[in-house]
Amino acid sequence: MTQTEIREQVEILTPSFPKEARHGQSGRRWLIAAVVVVAIIGVLALEIRSRVMAATNLRAVTSQMAVPSVSVVLPKHTAPAQEVVLPGNMQPYISSPIYARTDGYLKKWYYDIGAHVKEGDLLAIIQTPEVDEQLVQARSTQGTAQANLALAQITKDRYESLLKKHAVAQQDVDNAAGAYTANKAIVDADTANVRHYEALVSFEKVYAPFDGVITARNTDTGALINSGSNTAPRTDLFDISQTRTLRVYVNVPEEYSQAIKPGETAADITLAEFPGQRFPGKLVRTSDAINATTRTLLAEIDLDNPGGSLLSGSYAEVHLKVAAQNSTFLLPVSALIFRGEKLQVGVVKNGQVVVTDVTSGHDLGDQIEIVAGLKPTDQVVVNPPDSLVSGQSVRVVQATLPGDFQ
């Protein structure tokens, strides 16, 4: 088939439209195409805009994340007086063992442990038959010496009277006077010996030396009592303590030693057996010297115990009110930076961190004293990251920890 024939067939099959209709149809096609193009351009514009906004937001978030957020606290001045709790040892105001002063056997004792006695109360009796016999012998010897002294006195007086009449020689008078003097010396010696044995006999009765409580009885009826010699130790009969006032000894660390003032520092005593109770004491003296081994200052606190409810030898906790330094601040331990041998903190100034060296004082557990390196207006970073360095920009937020230092 020729081209002419083909063209004729196409014209036969194609519907015939008027020329004006064909022109309107072409316009509509162009309009649809324009709408489609505009729609595609709009979609592309929206996509590009969303991508641009996402990139902008990403840059903003990245920039924001590059500046870390930190919590800060302001250093807080320590209280005018802080409480220091230290272990203490309670001792009786007076404590004394009672030894025997004479040899013998214990005849009877009158007070046992826990007994409250008064000064001068009879505690025990020691039986000393040998000492009793020695006292009798000494008195007899004294009587003989006194008789000889009396005879020497009569002889001396007689010879002095005869000398006035020139009936005896001066030598005889002198001999009589010498005999009198010698006998008088013998009487004096025998009298002293009698007093010695009387004192030993008086030691048969053992008396309480002061008001107190018997804390130990170390002998019993019939026991051999030795007053002490080169071959046998002394016998400790009783131990007695005065507990109306107790001495509480406490070793104060050297760092608090300058703040401890006898008569000025308040001290309270607490014991585990009296929960919730505080017993006021009085700091009366210190050793005024630091122990080279423990680096502590020994202090003594007097504690009234009129009812005797507090027992000597008990473990006690001593609460001392120690004056604080005016330049001392408190910080949470979480604010500290440990790098090398220095102790540092991060201080925020004008939006940037300045890592500052500080000097620590007392460690109070969750808090620590700072005695140098800080000002009261410094904003200190809490929980600083390990990467925190001086000059780093940060965003500040206040600390919200319980009991924070705001």
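Refer to the structure above for everything that follows.
Rules behind the numbers
Residues numbered from 1 in each chain as written. Predicted model: local features only at pLDDT ≥ 70, side-chain atom pairs only at ≥ 80, totals over all residues. Heavy atoms only, no water. Salt bridge = Lys/Arg side-chain N within 4 Å of Asp/Glu carboxyl O. Helix = DSSP H or I, 4+ residues; strand = E, 2+ residues; numbered from the N terminus. Buried < 20%, exposed > 50% of the residue type's maximum accessible area, 1.4 Å probe, protein only. Expected span 1.5 Å × (residues − 1). Contact = heavy atoms within 4.5 Å. Phe/Tyr/Trp six-rings, centres within 6.5 Å; stacked < 30°, edge-to-face > 60°. Lys NZ or Arg CZ within 6 Å of the ring centre and 35° of its normal. Pairing = 2+ DSSP bridges. Core = buried A, V, L, I, M, F, W, Y, C linked by side-chain atoms within 4.5 Å. Patch = residues over 30% accessible without salt bridge, like charges linked within 9 Å, V, L, I, M, F, W, Y side chains within 5 Å. Areas by Shrake-Rupley, 256 points an atom, 1.4 Å probe, with all protein chains shown as cover. Lys, Arg positive; Asp, Glu negative; His and termini not counted. Charge placed at Lys NZ, Arg CZ, Asp CG, Glu CD.

A. Summary view of the pattern of salt bridges. Summed over all chains, the structure comprises nine salt bridges. Salt-bridge contacts for Glu-300 lead to Arg-247; the nearest nitrogen and oxygen are separated by 2.8 Å. Within this pair, whereas Glu-300 is found in strand β13 (residues 296-304), its partner Arg-247 is found in strand β10 (residues 236-253), the two being separated by 53 residues in sequence. Pair check on accessibility: Glu-300 and Arg-247 agree, each one buried.

B. Structural view of helix α3 (residues 129-164). If you check α3, its first and last C-alpha atoms are 53 Å apart, about what 36 residues at 1.5 Å a residue would give, namely 52 Å. Taken together, the buried positions of α3 are Val-131, Leu-135, Ala-138, Gln-142, Ala-145, Leu-149, Ala-152 and Lys-156. The inward-facing, buried residues of α3 contact α4 (170-202). Directly after α3, the chain includes His-166, whose backbone phi takes a positive value near 60°.

C. The arrangement of the packing of aromatic side chains in detail. For the structure on display, the rule yields one aromatic pair. With a centroid separation of 5.5 Å and 80° between ring planes, the pair formed by Phe-274 and Phe-279 is classed as edge-to-face. Cation over ring: Lys-156 sits above Tyr-180, and NZ or CZ is 5.5 Å from the ring centre. For the cation-ring pair, Arg-217 lies above Trp-109, with the distance from its terminal atom to the ring centre recorded as 4.0 Å.

D. Highlighting the sheet that holds strand β4 (residues 104-109). Strand order in the open sheet made by the four strands is β7-β6-β4-β9, with antiparallel pairing throughout. Edge positions in the open sheet fall to β7 (205-207) and β9 (224-225), since each of these has one partner strand only. Both β4 and strand β6 (residues 122-127) contribute to a ladder of four bridges, which runs antiparallel. Counted as the bridge partner of Leu-106 is Ile-126 from β6.

E. Looking closely at the pairing of β6. Across three bridges, the pairing between β6 and β7 is antiparallel. Note on β7: the bridge partner recorded for Leu-122 is Tyr-207.

F. The pairing of β4, seen in detail. Pairing between β4 and β9: two bridges, direction antiparallel. Considered in β9, the bridge of Tyr-105 is made with Leu-224.

G. View of the environment of Ala-182. In this structure, Ala-182 sits in helix α4. On the basis of relative accessibility, which here comes to 39%, the residue Ala-182 falls in the partly exposed class. Residues Ala-182 and Ala-152 lie 30 residues apart in sequence; the distance between their C-alpha atoms is 9.1 Å.

H. Representation of the nonpolar core within the structure. Residues Val-252 and Leu-320 are the most contacted members of the largest nonpolar core, which totals 24 residues. Counting only elements with at least two residues in this core, the list comes to β3 (81-99), β10, β11 (266-270), β12 (279-290), β13 and β14 (315-323). Beyond its immediate stretch of four places on either side in the chain, Val-252 contacts Leu-86, Ser-257, Ile-260, Arg-295, Thr-296, Leu-297, Ala-299 and Leu-320. Residues Ile-98, Ala-124, Val-206 and Ala-208 belong to the second largest nonpolar core, which totals 16 residues.

I. Inspection of a negative patch on the surface at higher detail. A contiguous patch of negative charge on the surface is contributed by Asp-103, Glu-130, Asp-132 and Glu-133. Inspection of the secondary structure puts Asp-103 in the loop between β3 and β4. Exposure remark for Asp-103: the relative accessible area of 38% places this residue in the partly exposed category.

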